[in-house]
Amino acid sequence: ADCRYTCHQECRSLIQLDCRHPGQCQSQLSPEGTLLPPCSQNVTQTVAEEKPEPPTLQEIKEKIDKYNTKVTNCLLMKLNEDGTYTGFIKVHLKLRRPVTVPAGIRPQSIYDALKEVNLADMTDKRTSFYLPLDAIKQLHISSTTTVSEVIQGLLKKFMVVDNPQKFALFQETRKDGQVLFQKLPLTEYPLYLRLLAGPDTNVLSFVLKENETGEVEWDAFSIPELQNFLMILDREEKDKIQQVQKKYEKFKQRLQQTLQEARSKPG
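These numbers come from a predicted model, not from an experiment. (Residues numbered from 1 in each chain as written. Predicted model: local features only at pLDDT ≥ 70, side-chain atom pairs only at ≥ 80, totals over all residues. Heavy atoms only, no water.)

**Remarks on the nonpolar core**
Condition: In plain words, nonpolar cores are sets of buried Ala, Val, Leu, Ile, Met, Phe, Trp, Tyr and Cys residues tied together by side-chain atoms within 4.5 Å. Burial status follows relative accessibility: with a 1.4 Å probe on protein chains alone, a residue under 20% of its type maximum counts as buried, one over 50% as exposed, and anything between as partly exposed. Contacts are residue-level and defined by heavy atoms, with any inter-residue pair within 4.5 Å sufficient.
Counting 31 residues, the largest nonpolar core has Ile 89, Val 91, Phe 167, Leu 169, Phe 206 and Leu 208 as its most contacted members. Apart from residues no more than four positions distant in its own chain, Phe 206 is found in contact with Ile 89, Lys 90, Val 91, His 92, Leu 169, Phe 170, Leu 184, Pro 190, Leu 193 and Arg 194.

**Focus on the packing of aromatic side chains**
Inclusion rule: Classification of ring pairs rests on two measures: the distance between centres of Phe, Tyr or Trp rings, Trp counted by its six-membered ring, which must be within 6.5 Å, and the angle between planes, read as stacked under 30 degrees, edge-to-face over 60 and tilted in between. Comment: the charge-over-ring label is applied if NZ (Lys) or CZ (Arg) is within 6 Å of the ring centre and within 35 degrees of the ring normal.
Scanning the model with the defined rule gives zero aromatic pairs in all. The ring of Phe 181 carries the charged tip of Lys 209 above its face, separated from the ring centre by 4.5 Å.

**Some points on the side chain of Ser 205**
The test is simple: Numbering goes from the N terminus for both helices and strands, where a helix is a DSSP run of H or I of at least four residues and a strand is a run of E of at least two.
Note on placement: Ser 205 falls in strand 10 (residues 204-210). For Ser 205, a relative accessible area of 5% corresponds to the buried category. With residues up to four places along the chain from it excluded, the contact list for Ser 205 reads His 92, Phe 170, Gln 171, Glu 172 and Arg 194.

**Remarks on a nonpolar patch on the surface**
Keep this limit in mind: Nonpolar side chains (Val, Leu, Ile, Met, Phe, Trp, Tyr) within 5 Å and like charges within 9 Å form the patches, drawn only from residues with over 30% relative accessible area and no salt bridge. Per-residue and other accessible areas follow the Shrake-Rupley method at a 1.4 Å probe size, with only the shown protein chains counted as cover for residues. Salt bridges are counted wherever a side-chain nitrogen of Lys or Arg sits within 4 Å of a carboxyl oxygen of Asp or Glu.
Residues Val 244, Tyr 248, Phe 251 and Leu 255 make up a contiguous nonpolar surface patch of about 380 Å² in total accessible area. Mapped onto the secondary structure, Tyr 248 falls in helix 8 (residues 223-264).

**Here's the deal with the side chain of His 92**
With respect to the helices and strands, the residue His 92 is situated in strand 4 (residues 85-93). Take His 92: its relative accessible area is 17%, and that puts it in the buried class. The contact partners of His 92, leaving out residues within four places of it in the chain, are Asp 134, Ala 135, Ile 136, Ser 205, Phe 206, Val 207 and Leu 208.

**Side note on the pattern of salt bridges**
According to the stated counting rule, one finds six salt bridges in the structure shown. Residue Glu 236 is joined to Arg 97 by a salt bridge in which the shortest nitrogen-to-oxygen separation is 3.2 Å. In this pair, Glu 236 is assigned in helix 8 and Arg 97 in the loop between strand 4 and strand 5 (99-102), connecting sequence segments 139 residues apart. By relative accessible area, Arg 97 is classed as partly exposed at 21%. Taken together, the salt bridges that share partners define one network made up of Lys 94, Glu 172 and Arg 174.

**Quick look at the confidence of the model for the protein chain**
Let me state the cut-off plainly: As a per-residue measure, pLDDT tells how confident the predictor is, with possible values from 0 to 100.
With 70% of its residues at a pLDDT of 70 or more, the protein chain shows a mean pLDDT of 77. Segment residues 26-49: pLDDT under 50, and 22 contacts once partners within four positions in sequence are set aside and those in other chains are kept. In this model residues 109-115 is a low-confidence stretch, pLDDT under 50, and it forms four contacts with partners more than four residues away in sequence or in other chains.

See the structure below:
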């Protein structure tokens, strides 16, 4: 009723909307008005036929050679004998909520990384803190590395013990002066997207953010974490109220000053 969302009947159970009036929408839904008839088999077959074929080894080699000619640093892609390839991606961390890490644990050393030592398992004590906003982490990954593995790898590097389902990887693109974010499926291959887009991060970049509200599994949070979120939201609400009050207080002062100047002028 509010957003005029339209979908097929078989897709209805898969749709998740951030609806402001869910009760009102449910009461006003009518199968005739909001749901399209099921897709025909012909349409489904057409979509399947239009799915692009995976690139051949020769095509991958040509794309990698073209990619490496545009690289302005040493972060080249390398093709392996088995047809896979490796390269680098940069991930921007744009987390607005605190993360949970082990308390009293030193940063991971090169020795720990080589030995695959998980320092988070060395203590049961936990603490929360904010990661630096828009920090950038560079990862060396393979063409077979999925989005899910990238998220887990990032959390491991920062010793974050939160459930990986709390986070999502987005691709950021720019088109017609607008910045667009698209959530990537967990089975997507980020390095292949990097290869297609080229090394220019202004064309495509990766961003780690909190998972969308409609898909967060709140059961994965502990009670102290949820209470912490409420405290943060309360603080953000108070800050927002203060900002609005200051804005209109300044506007009021400018109006009063303008009125006084108008009254002081002759005639």
